Amino acid sequence: MPSATAMTLYLFGASAAYQGAGIFISPRKALAAKQLPTSGLPSLKAFSVAITGIGLSYILAAYQENRAVFTFSILRLPAAEILWAQGPGWHPMAAWEAFSPLLTAVALVWDARR
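To start, this report covers the structure provided alongside it. These figures come from a predicted structure and were not determined experimentally. (Residues numbered from 1 in each chain as written. Predicted model: local features only at pLDDT ≥ 70, side-chain atom pairs only at ≥ 80, totals over all residues. Heavy atoms only, no water.)

This part covers the pattern of salt bridges. Evaluated as defined, the whole model comprises three salt bridges. For aspartate 111, the salt bridge goes to arginine 67, with nearest N and O atoms at 3.8 Å. Residue aspartate 111 is found in helix H6 (residues 91-113), and its partner arginine 67 is found in helix H4 (residues 67-73); the two are separated by 44 residues along the sequence. Among the residues examined, aspartate 111 registers a relative accessible area of 10% and is labelled buried. One salt bridge in this structure joins arginine 114 and aspartate 111, with 3.5 Å as the shortest N-O distance. (Salt bridge = Lys/Arg side-chain N within 4 Å of Asp/Glu carboxyl O. Helix = DSSP H or I, 4+ residues; strand = E, 2+ residues; numbered from the N terminus. Buried < 20%, exposed > 50% of the residue type's maximum accessible area, 1.4 Å probe, protein only.)

Under the definition given, this model contains three aromatic pairs. Ring centres 5.3 Å apart and planes at 75 degrees place the aromatic pair phenylalanine 12 and tryptophan 96 in the edge-to-face group. One end of the pair, phenylalanine 12, is in helix H1 (residues 4-25); the other, tryptophan 96, is in helix H6, and 84 residues separate them in sequence. Seen in terms of ring centroids, phenylalanine 47 and tryptophan 90 are 5.6 Å apart; in terms of plane orientation they differ by 80 degrees. Their pairing is edge-to-face. Linking phenylalanine 47 in helix H3 (residues 41-64) with tryptophan 90 in the loop between helix H5 (77-84) and H6, this pair joins segments that are 43 residues apart in sequence. Looking at phenylalanine 47, the relative accessible area reads 26%, which means it is partly exposed. For tryptophan 90, a relative accessible area of 9% puts it in the buried group. One aromatic cluster is present, built from ring pairs that chain together Phe12, Trp96 and Phe99. When the ring centre of tryptophan 90 is taken as origin, the NZ or CZ atom of lysine 34, which lies over that ring, is 5.2 Å away. (Phe/Tyr/Trp six-rings, centres within 6.5 Å; stacked < 30°, edge-to-face > 60°. Lys NZ or Arg CZ within 6 Å of the ring centre and 35° of its normal.)

One number sums up the size of the largest pocket: a volume of about 550 Å³. As for the largest pocket, its lining consists of 22 residues, of which Phe47, Ile51, Leu83, Met93 and Glu97 are closest to the centre. Counting residues per element, the ones that place at least two in the lining of the largest pocket are H1, H3, H5 and H6. Residue classes in the lining of the largest pocket are distributed as 15 nonpolar, four polar and three charged. (1 Å grid on protein atoms, 1.4 Å probe; cavity = no way out; pocket = protein on both sides within 12 Å on 5 of 7 lines; lining within 4 Å. Points joined across faces, edges and corners; volume = space filled by probe spheres on them. Nonpolar A, V, L, I, M, F, W, Y, C, P; charged D, E, K, R; others polar.)

Turning to the environment of serine 3, a few remarks are in order. By the secondary structure assignment, serine 3 is in the segment before H1. Taking the C-alpha atoms as reference points, serine 3 and tryptophan 90, 87 residues apart in sequence, are found 30 Å from one another. Only 3.5 Å separates the side chain of serine 3 from the side chain of aspartate 111, close enough to count as a polar contact. (Polar contact = N/O pair within 3.5 Å; in protein donor to acceptor, adjacent residues only side chain to side chain.)

The quantities given are spatial measurements derived from coordinates; they are silent on function.
Structure representation (structure tokens):
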């Protein structure tokens, strides 16, 4: 059975891969949702590739029970502030990015006490 921390990374990895794939499949819809001009399309496509890769990496780390990656993933917290500053279209992603490392930290403590 996977650890609680691995379960958080499975969840966050799957959500990141899903988001990335969704942006790549429907980039114009993502532009509108993120309130970006059409000129932002190349950057948004690059973002989708990056977030998909990060998601798949988290899934692999969860499968491997890779404690170093679990711990390192907590350092994503500043990304929430950066995403929040991009405007209302990014606020849901920013909130998720703030919540996920906090939940991972709680899971790490939980696992350490078991």
